[in-house]
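# Examination of the molecular architecture
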Amino acid sequence: MSVQKFFGADGVSVERVVINGPQGSSAEVYLYGATVTSWKCGGKERLFVSRQAKLDGSKPVRGGIPLVFPQFGPGALPQHGFARTRQWTLLSAEEHGQGVVVNLQLKDNEDTRASKWPFKFDLLYTIDLTATTLSTIIKYENVDSQAFSFTSLMHTYLRVPDIARTTVAGLKGVPYLDKIKGGEGLVEERDLVTVDANEDRVYIDVPGAVEVACGGESVGIRRFNFKDIVLWNPWAEKAAEMSDFADDEYPQMICVEAGTVASQISLKPGQTISCGQILTFNSSASHI
Ligand code: TA6
């Protein structure tokens with residue numbers, strides 16, 4: 001197991017960290033946005049990053065696990081908030097018994113305090129890699145003198161061999177907002193959700209784990225203090241509108257995103273909450 005630090009153009013500041021875990025597992029995180037851009041296990045890359053993604057800090061990374069905070073979607077702040085476009089601080093990267101853990105931090109600064117969400121905050125992001133799991137958990141702290149509320153989400157782009165053969169289990173009976181149908185409220189009736197068009201759905205108060213399966217392999221997503229799941233695939237029409245997403249890439253990805261976005265998380269001064277996800281690779285999916 002090992003930790004590799006790669007430096008930016010200045011030769012001094014760490015640009016990204018690669019951690020190598022047991023059984024050939026690895027992960028990569030850019031300090032820009034604290035964006036996980038790779039998770040390899042079972043001999044393959046499990047995350048999707050567009051070949052047209054910008055990794056130079058000029059725009060949010062199109063893929064991996066961008067962090068959405070303090071605002072999901074459009075609103076008073078730029079789309080999905082400022083956490084995914086800020087430079088995070090690397091606090092530590094070290095081996096433990098079963099793998100490697102990285103800790104990163106983001107605090108308010110004069111730019112965020114001048115924004116429409118001006119509060120003082122402290123985010124501690126822990127990324128933990130083992131042979132078959134990747135956990136990503138943020139400890140959110142209110143270090144302001146007043147309460148604040150936010151929405152937050154881990155915008156996970158999973159790589160799949162073929163979207164046409166991909167199924168998502170664990171959403172049956174869950175109410176969702178269908179953003180393709182103007183936010184219409186519906187209830188998922190399928191045991192296995194499939195995608196064959198542009199889909200953009202917010203599943204609300206999802207009760208348990210979900211599993212994304214394709215070709216006999218799967219990734220399980222267990223949430224920790226995150227209530228909702230967003231499911232998105234741009235399909236051909238939206239792919240064509242994104243300069244950092246190649247037109248032929250949508251069949252190789254599905255976003256299944258753990259977050260709290262249909263309601264706000266509120267913290268009083270001094271309060272903290274930890275939220276996140278544990279991704280587990282399964283070489284034999286529990287559902288086909
Ligand atoms: O994944 C859900 C979503 O909110 C979609 O509506 C789509 O906008 C996607 O995020 C990507 O957003 P971005 O700002 O990264 O282009």
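Computed from a predicted model, the values in this text were never measured in an experiment.

Our next topic: the UniProt feature "binding site: substrate" (unreviewed entry) in the chain. If you check UniProt for "binding site: substrate" (unreviewed entry), the listed places come out as Arg62, Gln79 and Arg84 in our numbering. Spatial clustering of the annotated residues is evident: they stretch over 23 residues in sequence, but the largest pairwise C-alpha distance comes to 13.5 Å. Looking at the secondary structure, you find arginine 62 in the loop between strand S5 (44-45) and strand S6 (67-68). The exposure class of arginine 62 is buried, given its relative accessible area of 18%. Each residue touching arginine 62, except ones within four places of it in the same chain, is listed here: Phe48, Val49, Ser50, Ala53, Tyr157, Trp232, Met242, Asp244 and Phe245.

Burial of strand S3 (residues 26-30) is extensive: five of the five residues sit out of reach of the surface. Where burial is concerned, the two faces of S3 agree: the one with Ser26, Glu28 and Tyr30 and the one with Ala27 and Val29 are both buried. Across five bridges, the pairing between strand S2 (residues 14-20) and S3 is antiparallel. Along S3, the bridge assignment pairs isoleucine 19 with alanine 27. Hairpin geometry of S2 and S3 is characterised by an intervening segment of five residues between the two adjacent antiparallel strands and by a positive phi of about 55° at glutamine 23. Bridging between S3 and strand S4 (residues 35-41) involves five bridges; their strand directions are antiparallel.

Turning our eyes to something else, we now look at the UniProt feature "active site" (unreviewed entry) in the chain. Sequence positions flagged by UniProt for "active site" (unreviewed entry) are, in local numbering, His155 and Glu257. Look at the named residues: they lie 103 residues apart in sequence, but the longest C-alpha span between them is just 4.9 Å, so in the fold they bunch up. Positionally, histidine 155 belongs in the loop between strand S11 (148-154) and strand S12 (157-159). In this structure, histidine 155 is in contact with Gly64, Ile65, Pro66, Val68, His80, Trp232, Cys255 and Glu257, ignoring residues within four places of it in sequence. Residue placement: glutamate 257 occurs in strand S21 (residues 253-267). Its relative accessible area of 1% is what places glutamate 257 among the buried residues.

Turning next to the site of the ligand. Close contacts around the ligand come from Arg62, Phe72, Gln79, His80, Arg84, His155, Lys179, Asp200, Val230, Trp232 and Glu257, and that covers them all. Residue histidine 80 places a side-chain N or O atom 3.0 Å away from an oxygen atom belonging to the ligand. Arginine 84 is positioned with one of its side-chain polar atoms (N or O) 2.8 Å from an oxygen atom of the ligand. Across the complex, the protein chains shield 83% of the 390 Å² of accessible surface that the ligand would expose by itself. When its residues are assigned to classes, the shell around the ligand shows three nonpolar, three polar and five charged.

This next bit is on the packing of aromatic side chains. The full count for this structure, using the stated rule, is 19 aromatic pairs. Pairing phenylalanine 69 with tryptophan 117 gives two aromatic rings, centres 5.3 Å apart and planes at 75°, and the pair type is edge-to-face. Here the residue phenylalanine 69 occupies a position in the loop between S6 and strand S7 (89-96), and tryptophan 117 occupies one in the loop between helix H1 (110-113) and strand S9 (121-130), the gap between them amounting to 48 residues. Here the two residues phenylalanine 69 and tryptophan 117 agree in accessibility, since each one is buried. Their ring planes at 40° and their centres at 5.0 Å tell us that tyrosine 176 and tyrosine 203 sit as a pair that is tilted. With tyrosine 176 in strand S14 (residues 175-178) and tyrosine 203 in strand S17 (residues 199-203), this residue pair connects regions lying 27 residues apart in the sequence. Judged by its relative accessible area of 7%, tyrosine 176 is buried. Through pairs of rings, three or more aromatic residues link up here, namely Phe69, Phe82, Trp117, Phe119, Phe121, Tyr140, Phe148 and Phe150.

Moving on, we get to the sheet that holds strand S8 (residues 99-107). One open sheet accounts for nine strands, arranged S7-S8-S9-S10-S22-S19-S18-S13-S16; its pairing is antiparallel. Unpaired on one side and paired on the other, S7 and strand S16 (192-193) mark the two borders of the sheet. For S7 and S8, the ladder comprises seven bridges, and the chain directions are antiparallel. Counterpart to alanine 93 in the pairing with S8 is valine 102.

What follows is about the sheet that holds S3. Reading across from one edge, S1-S2-S3-S4-S5 is the order of the five strands in this open sheet, with antiparallel pairing throughout. At either margin of the open sheet sits one strand with a lone partner, and together these are strand S1 (2-7) and S5.

A few words on the environment of arginine 86. Tracing the chain through its elements places arginine 86 in the loop between S6 and S7. Its relative accessible area of 15% is what places arginine 86 among the buried residues. The spacing of arginine 86 and glutamine 252 is 166 residues in sequence and 28 Å in space, taken between C-alpha atoms. Dropping the residues within four chain positions of it, arginine 86 is found in contact with Leu31, Tyr32, Gly33, Leu106, Lys107, Asn109, Thr112 and Phe121. Looking at arginine 86, its side chain comes within polar contact range of the main-chain oxygen of lysine 107, at 3.5 Å.

Calculation rules
- Once a new chain begins, its residue numbering starts again from 1 and follows that chain's sequence as written.
- A pLDDT threshold of at least 70 governs which residues receive local features in this predicted model, and a stricter bar of 80 or more applies before side-chain atom pairs are shown or counted, although totals over entire chains, interfaces and linings include all residues.
- Side-chain descriptors were evaluated using all non-hydrogen atoms of the structure, hydrogens and water having been removed beforehand.
- UniProt positions are given in the numbering used here, feature names are shortened, and annotations may be inferred rather than shown by experiment.
- Helix and strand assignments come from DSSP, with helices taken as H or I runs of at least 4 residues and strands as E runs of at least 2, each series counted from the N terminus.
- When a residue's accessible area, from a 1.4 Å probe over protein chains only, is under 20% of the maximum for its type it is buried; when over 50% it is exposed; and in between it is partly exposed.
- Two residues qualify as a contact provided that any one of their heavy atoms is within 4.5 Å of a heavy atom in the partner residue.
- Two strands are said to pair when DSSP picks up at least two bridges between them.
- Proximity is defined per residue: any heavy atom of the residue falling within 4 Å of a molecule or strand makes that residue near it.
- The definition of a polar contact used here is a pair of N or O atoms within 3.5 Å, where within protein one atom must be able to donate a hydrogen and the other to accept one, and adjacent residues in sequence count solely through side-chain atom pairs.
- Accessible surface is estimated by sampling points in the Shrake-Rupley manner with a 1.4 Å probe; for residues, cover comes only from the protein chains shown.
- Side-chain classes are defined by residue name, with Ala, Val, Leu, Ile, Met, Phe, Trp, Tyr, Cys and Pro counting as nonpolar, Asp, Glu, Lys and Arg as charged, and the others, Gly among them, as polar.
- We call Phe, Tyr and Trp rings a pair once their centres come within 6.5 Å, taking the six-membered ring for Trp, and we label the pair stacked below 30 degrees between planes, edge-to-face above 60, and tilted otherwise.

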